[in-house]
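Structural overview for review
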Amino acid sequence: MSLRLLAVHAHPDDESSKGAATLARYAAEGVEVLVSTCTGGERGDILNPAVDTEENRANLPAIRRREMAAAAEILGVRHRFLGLTDSGLPADGEPLPEGCFAALPLSAAAAPLVALIREFRPHVVITYDETGGYPHPDHIRTHEATVEAFSAAADPTRYPGTGDPWQPQKLYYQATLSRAWFVALHEATLAAGLESSMAEVLAELPPEDNLKVTTRIRCADHFATRDKALLSHTTQVDPAHPFFAHSREIEREAWPYEDYHLAHPAPGPAQEDDLFAGVTP
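Notes on the structure follow. Counting restarts for each chain, with residues numbered from 1 along the sequence as it is written. Reporting of local features is limited, given that this is a predicted model, to residues whose pLDDT is at least 70; pairs of side-chain atoms are given and counted only at 80 or more, and all residues count toward the totals for whole chains, interfaces and linings. Excluded from the side-chain calculation are hydrogens and water; included are all heavy atoms of the structure.

**Points about helix 7 (residues 179–191)**
The helix count covers DSSP runs of H or I at least four residues long, the strand count covers runs of E at least two residues long, and both are numbered beginning at the N terminus. The span you would expect from a helix comes to 1.5 Å times its residue count less one. Given a rise of 1.5 Å per residue, 13 residues ought to cover 18 Å, and the 18 Å separating the end C-alpha atoms of helix 7 matches this to within 8%. The contact criterion used throughout is that any non-hydrogen atoms of two residues lie within 4.5 Å. On the buried face of helix 7, the contacting elements are helix 8 (199–204) and helix 10 (248–254). Just past helix 7, the residue G193 takes up positive phi, approximately 80 degrees.

**Some words on the packing of aromatic side chains**
Pairing of aromatic side chains here covers Phe, Tyr and the six-membered ring of Trp, requires ring centres within 6.5 Å, and sorts the geometry by plane angle: under 30 degrees stacked, over 60 edge-to-face, intermediate tilted. Scanning the entire structure with this criterion turns up six aromatic pairs. Measuring from ring centre to ring centre gives 4.8 Å for W181 and F182, while their planes differ by 80 degrees; the resulting arrangement is edge-to-face. Where F243 meets F244, the ring centres are 5.3 Å apart and the plane angle is 85 degrees; that geometry is what we call edge-to-face. Take F243 and F244: they sit in the same class, and that class is buried. An aromatic cluster is built from W181, F182, F243 and F244, whose rings are joined through pairwise contacts. Two conditions define a charge sitting above a ring: the NZ of Lys or the CZ of Arg must be within 6 Å of the ring centre, and it must be within 35 degrees of the ring normal. Directly above the aromatic system of Y26 lies the positively charged group of R25, at a separation of 5.2 Å from the ring centroid. The cut-offs for exposure are 20% and 50% of the maximum accessible area for each residue type, with area from a 1.4 Å probe on protein chains only; residues under the lower value are buried, those over the upper are exposed, and the others partly exposed.

**Quick word on the packing of helix 5 (residues 106–120) against helix 6 (residues 137–152)**
Only the contacting stretch of a helix is used when fitting its axis, a line to C-alpha atoms as for every element, and angles between N-to-C directions run 0 to 180 degrees. Between helix 5 and helix 6, the shortest axis-to-axis distance is 8 Å and the interhelical angle comes to 55 degrees. By the angle class used here, helix 5 and helix 6 are oblique. As helix 5 packs across helix 6, the resulting crossing turns out to be right-handed. Here L106, A109, A110, L113, V114, I117 and R118 of helix 5 lie close against helix 6, whose contacting residues are R141, E144, A145, T146, E148, A149, F150 and A152. Class assignment for the residues of the contact of helix 5 with helix 6 results in ten nonpolar, one polar and four charged. By definition in this entry, angles of less than 35 degrees are roughly parallel, angles greater than 145 are roughly antiparallel, angles of 65 to 115 are roughly perpendicular, and the rest are oblique. Helix crossings are classified by the rotation of the near helix relative to the far one: an anticlockwise turn of less than a right angle makes the crossing left-handed, while a clockwise turn makes it right-handed. Side-chain classes are defined by residue name, with Ala, Val, Leu, Ile, Met, Phe, Trp, Tyr, Cys and Pro counting as nonpolar, Asp, Glu, Lys and Arg as charged, and the others, Gly among them, as polar.

Worth remembering: the numbers are spatial, not functional.
Now the structure itself:
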């Protein structure tokens, strides 16, 4: 029996900016990897000035679906949209759009994911921590819906009509793009005698990381795949962004892994190097 990994994200492009090299590594090793995207990113902005046209803004939902399909092919993974509606990023005090993902009752937000877990039957699930990684309402709701689905999918009395019960064995939270990562790349770049683009980013980050890293996955051989997948989200990614400015050779030396926090079961004292450590196929 093959191992199965489910990564749950809020919008198209999140899978390529958070843990993409991990997904590519496991897929290349024969693990069945499925990316689940809760919303279609319909209310997102176009972040690449080169393609910010009236035509693309009008067709953004369809474009983002095509971009997601291209990224999944590059990463070598399967993909499923859950069909929920992007909440956008309301201004302070502005209400959420009616019927959007973040405004749904938790049971309605989690039901499609419960059905997917019962169908795909993953051994390991990855999502965001309770902060969402950053305070976008869809990221926070993705965390809440995933935690709900992770426990509810095993209970035959809950979410009837969504398939046979299944209990994933492990739940992880993303700990990528941490302050420690930015610091390591910044210092390694300066030590190499090069100019670093990370100082401005570091100035905006909290002074320390709050999420404990329990698991480090070596995946430097797949950083190029990660970058290619991320760049395939053309409307969301500006190739001139500082993320693409640092040396990949330096990154492979300074930080050759992606980080995670084991949320369930409780982590042991030793740091893991495999998401499937202790998993029974």
